[in-house]
Amino acid sequence: MNNIRIALREVIPNRLRTTSRNQWPNLTQTRFYARATSFPDYFQNPIFRKEDQAKLIENNELSKLAAIPVKPPAACETSSVYYDPLVNKVINHVMKMGNKQLARSLVEKAFENIKRKQIERYHLASTPEEKAKILLNPKDVLHRAVENCKPLLQLLPIKRGGITYQVPGPITEKRSLFLAVKWLLDASNDKERTVHFPEQFAWELLDAANNTGKVVKRKQDLHRQCEANRAYAHYRWQ
Amino acid sequence: MFTRNLRVFFRRYSQTCTFRTSELSPAQHSENQIGMFYTIDKNLCKQLFGHGGLPKSYMKQTKTFTETTLMVRLPALDIMNCIKNTDFDKPVVRYVLYGEKGSGKSLTMAHLLHYAHEQEFLIVHVPWVSEWLRRVPRHKEMANSPTREGFVDLPLDAAAWLLHFKTQNQTLLKNPDLKISKEYTWSKRESTAEGAPLLELVELGIARVKYACDVIDALVYEIKLLSNNKRCKTFVAIDGFNTFFYPLTRLRTPTKRTVAPEEVSLTTSFLTLTKNDWTNGVVVVTADQLAVPEDHQESYLPKYLLYKKGFEHLDPFVPIEVGRYSEREFLTCASYYRDRLWLRGPSELEDELKFTSACNPYKFMELCAPL
């Protein structure tokens, strides 16, 4: 089928193709690649947010990028007000076998659960100070939860004199984000069979945003372990 | 900067003022209130919709919003206007609500029910026909009808409906005028005497579940007679009416025979109620795509959904379309959601949501959920 499409692409001019393929014009971006593509290194990542583009124009960097080839943005990378890179990241972590639609619906269900719980709490709270404390935006809850779960140190297995030592060391920003999201998902997957994932995920996020719960404890455990193993720290460079 | 802030402030202010109406009685609603929300009293809501009537997703919303509100929309106003101008000596007028999935047919009906309750109609309301014919929980009570050959009874569903009927018409049923015209004999020992109040009949059906279907049959007959004699005016509301005409139900007799809807005794009772051979009443039914399985959901128009049989049964009727939100309705709904903390974020969000939901009320509610 794809081969035919490519053959068609060469034969039929662009305008004809869109009308003949479908009754309605495609609203989402579609690209016809024969197989999974990997773009060469010199292809830049696309800048698809309006704010980022405005920043480029302000700094006069647009002319530099004009001549460089750019990758097409993925279907989920939109300039919507609702777009959030961290949410996208979490969705990708939840995703299995490339089923992004399902992953997205699960995360959104979790957000809905968080929102319902927080609104309920908001209505129950009696004083305005208490009300102000409650995070109503589920995305804020997610951001705070991930922030609270990020570890500051990590243990690296290093072999010295035939013995493997767990050596504490610094952690990169990227890996600590990875660990935070992974731990959150591990914690929510560790549940009763009858509890649905969105529900449990919502609870975990709320707990973590509150600086309590399984995941924060796991982070603290890691920190404690690093503290206990500080005598091995010199193995990192010796 | 200052003028912009001022403008934003005024816009906010005008929004907060205009999405709610203080007019709580549906009879007083007029074109001016289109798109605005009015609150239903909690106790009344429990009385009218305690046993179903509002969609499940909407019930969830009412819990989160801590109040039950309905939007005043044109279709409901149209029907109310028609009812006000109806000559009740003529045969009943039948209204068919139709529209896309999630456009608010059931909520329009809820609005009308509130109106009917206020105007002291005797309400005969079926919350969702598919609940009887298409939803089969593990233990669905079914029995062959003892009185009518070849019919199937759904005693538990019938008794539940009688309870619903009783709670909806609590006050009206106390009226001593509502009496039975003839004697009904249920078994050797049990019978209902002539001239007994209607409430007794209903309570018998609830207490003796075995006879519930026959009681409904008798009740329908009596209600028609009472309305003809001007003892009461009746408001019949049936949601998901087209299920009665879909060729098959999901019920199976103990001998594994599939059951057609016309073989269910409840169907026949409620179909006699929607005929126009009686007076002093109003009939509102909905034709809903969700009431039938997916193979018959290609169009939302009543002629397609009701089949030829249903169309001829209802003909002549007044079709009323419940459409998507208009511009104004969408804005008031969005500001209502903002007020109830359901929607947050920059105001450009509304434009996006309007585009993605295509102004479909249910879709809009769904899309707001994770925001």
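Reading the values: the criteria
- For every chain, the first residue of the written sequence is number 1, and numbering continues from 1 along that sequence.
- Whichever chain is written first is A, and whichever ligand is written first is 1; the rest continue in order.
- Per-residue local features of the predicted model are confined to residues with pLDDT of at least 70, and side-chain atom pairs are confined, for both listing and counting, to 80 or more; whole-chain, interface and lining totals are unaffected and use all residues.
- As a rule here, side-chain values cover all heavy atoms of the structure and leave hydrogens and water aside.
- In this description a helix means any DSSP run of H or I spanning at least four residues, a strand means any run of E spanning at least two, and both kinds are numbered starting from the N terminus.
- All radius of gyration figures rest on C-alpha atoms, and the globule criterion is 2.2 Å times the number of residues raised to 0.38.
- For every residue, the accessible area obtained with a 1.4 Å probe (protein chains only) is divided by the maximum for its type, and the residue is called buried under 20%, exposed over 50%, and partly exposed between those limits.
- Any two residues having at least one pair of non-hydrogen atoms within 4.5 Å are treated as being in contact.
- Residue exposure ignores everything except the shown protein chains as possible cover, and the areas themselves are Shrake-Rupley values with a 1.4 Å probe.
- Neither His nor the chain termini are counted; the positive set is Lys and Arg, and the negative set is Asp and Glu.
- Where a charge sits is defined by one atom per residue type, namely NZ (Lys), CZ (Arg), CG (Asp) or CD (Glu).
- Salt bridges are defined by distance alone: a side-chain nitrogen of Lys or Arg within 4 Å of a carboxyl oxygen of Asp or Glu.
- UniProt positions are given in the numbering used here, feature names are shortened, and annotations may be inferred rather than shown by experiment.
- Take the buried residues of types Ala, Val, Leu, Ile, Met, Phe, Trp, Tyr and Cys, join any two whose side-chain atoms come within 4.5 Å, and each joined set is a nonpolar core.
- The term buried area means the drop in 1.4 Å probe accessible area that two parts suffer when joined, counted for both and summed.
- Two N or O atoms count as a polar contact when they lie within 3.5 Å, although within protein this holds only if one can serve as hydrogen donor and the other as acceptor, and sequence-adjacent residues are included solely when both atoms are side-chain atoms.

1. Structural notes on the overall build of chain B
For chain B, the helix and strand inventory stands at 16 helices and eleven strands. Taken over C-alpha atoms, the radius of gyration comes to 22 Å for chain B, in line with the 21 Å a tight globule of 371 residues would show. Its C-alpha atoms give chain B principal-axis dimensions of about 85 × 45 × 35 Å. In chain B, which comprises 371 residues, the share counted as buried stands at 53%. Sequence separation of 24 or more characterises 73% of the internal contacts of chain B that already satisfy a separation of 6 or more. Of the roughly 17500 Å² of accessible surface on chain B, 53% is carried by carbon and sulfur atoms. Across chain B, the mean location of the 48 positive side-chain charges is 4 Å away from that of the 43 negative side-chain charges.

2. Things to note about the pattern of salt bridges
Using the criterion set out here, one finds 31 salt bridges over all chains in the structure. In this structure, the salt-bridge partner of A:Arg218 is A:Asp186, at a minimum N-O distance of 3.7 Å. Here A:Asp186 lies in helix H9 (residues 173–189) and A:Arg218 lies in helix H11 (residues 214–228), a separation of 32 residues in the sequence. You can call A:Arg218 partly exposed: its relative accessible area is 37%. B:Glu312 serves as the salt-bridge partner of B:Lys308, at 3.9 Å between the closest nitrogen and oxygen. You can see B:Lys308 and its partner B:Glu312 sitting in helix H13 (residues 307–314), four residues apart, about one turn around the helix. Accessibility expressed as a relative area gives 53% for B:Glu312, which makes it exposed.

3. A short note on helix H4 (residues 74–84) of chain B
Where H4(B) is concerned, the buried positions are B:Pro75, B:Ala76, B:Leu77, B:Ile79, B:Met80 and B:Ile83. Looking at the buried positions of H4(B), the neighbouring elements they touch are strand E3 (93–98), helix H5 (105–118), strand E9 (234–238), strand E10 (281–287) and strand E11 (318–321) of chain B.

4. Examining the UniProt feature "domain: Small ribosomal subunit protein uS7" (unreviewed entry) in chain A
On the UniProt side, "domain: Small ribosomal subunit protein uS7" (unreviewed entry) is annotated at positions that read residues 78–230 of chain A here. End C-alpha to end C-alpha, residues 78–230 of chain A measures 45 Å, and it is 64% helix and 10% strand.

5. Remarks on the nonpolar core
Of all hydrophobic cores here, the largest spans 60 residues; its most connected members are B:Trp161, B:Phe244 and B:Phe270. Here the element with the most residues in this core is helix H10 (residues 212–228) of chain B; it accounts for nine residues. Among all residues touching B:Phe244, those that are not within four sequence positions of it are B:Val129, B:Trp132, B:Leu133, B:Ile238, B:Pro261, B:Thr267, B:Phe270 and B:Leu271. Counting 36 residues, the second largest nonpolar core, distinct from the first, contains A:Val94, A:Ile171, A:Val181 and A:Phe201.

6. What about the interface of chain A and chain B?
Taken together, the contact pairs 15 residues of chain A with 18 residues of chain B. The junction of chain A with chain B conceals about 1600 Å² of combined surface from both sides, 61% of it contributed by carbon and sulfur atoms. Sorting the residues of chain A by area buried against chain B places A:Val81, A:Lys115 and A:Arg116 first, and these three jointly supply 39% of that buried surface. At the surface where chain A touches chain B, the tally comes to one salt bridge. Here A:Glu120 makes a salt bridge to B:Lys63, at a shortest N to O gap of 3.8 Å. At the boundary of chain A with chain B, the tally comes to nine residue pairs in polar contact (both at pLDDT 80 or more). Here the side of chain A that touches chain B takes nine residues from helix H6 (residues 100–124) of chain A, the largest share from any one element.

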